[in-house]
Amino acid sequence: MPVYEKHVFVCTRGEWCPSVDGDGIGVHAAMKLAVREAGLSGTIRVNHSGCFSQCGNGPMAVVYPEGTWYAALTPDDAGEIVTEHLAGGRPVERLRYDPETMGAHQLEREADGRPIGRRTPWPAGS
């Protein structure tokens, strides 16, 4: 039997996700609070994560065991992910991250740090 039904990892380390591409640390805090407020702390675990090697697409989160990835998150997205996905079983499609190939997908950067090829507003939430 698994210890938790779902495990959420939020990128809060590395050069970009925690503060440049958005607020990864704020996403983590909001996700933990939303899980606690929904009464899911016994079945859902939210943890800090190191870099996912998807730099320029963050802040990022991944939900296991199903392996659903989310990109360009803001703290405001946490409640929707908890309600719809973690409690309701329906991934939040507008936030899903589903690259065409597996592996690292680090975007090149402009001189000001802006990711080249990012498909969502930068920084996240702007």
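In this text the structure is predicted, and so the values were computed from the model without any measurement. (Residues numbered from 1 in each chain as written. Predicted model: local features only at pLDDT ≥ 70, side-chain atom pairs only at ≥ 80, totals over all residues. Heavy atoms only, no water.)

Draft legend 1. Examining helix α1 (residues 24–37) more closely. For α1, which comprises 14 residues, the first-to-last C-alpha distance of 20 Å matches the rise-based estimate of 20 Å (1.5 Å per residue) to within 8%. Where α1 is concerned, the buried positions are G24, G26, V27, H28, A30, M31, A34 and V35. Residues of α1 that are buried in the fold lie against β1 (6–11), β2 (44–49) and α2 (78–87). Phi turns positive one or two residues past the end of α1, at G39, with a value near 75°. (Helix = DSSP H or I, 4+ residues; strand = E, 2+ residues; numbered from the N terminus. Expected span 1.5 Å × (residues − 1). Buried < 20%, exposed > 50% of the residue type's maximum accessible area, 1.4 Å probe, protein only. Contact = heavy atoms within 4.5 Å.)

Draft legend 2. Region of interest: the packing of aromatic side chains. Within this structure, the stated rule accounts for 2 aromatic pairs. Taking 6.1 Å as the distance between ring centres and 65° as the angle between the ring planes, the aromatic pair formed by F9 and Y64 counts as edge-to-face. With a gap of 55 residues between them, F9 in strand β1 and Y64 in strand β3 (residues 61–64) connect regions that are remote in the sequence. A relative accessible area of 24% means that F9 is categorised as partly exposed. Here Y64 falls in the partly exposed class, since its relative accessible area comes to 35%. Ring geometry for F52 against W69: centres 5.0 Å apart, planes inclined by 75°, an arrangement best described as edge-to-face. (Phe/Tyr/Trp six-rings, centres within 6.5 Å; stacked < 30°, edge-to-face > 60°.)

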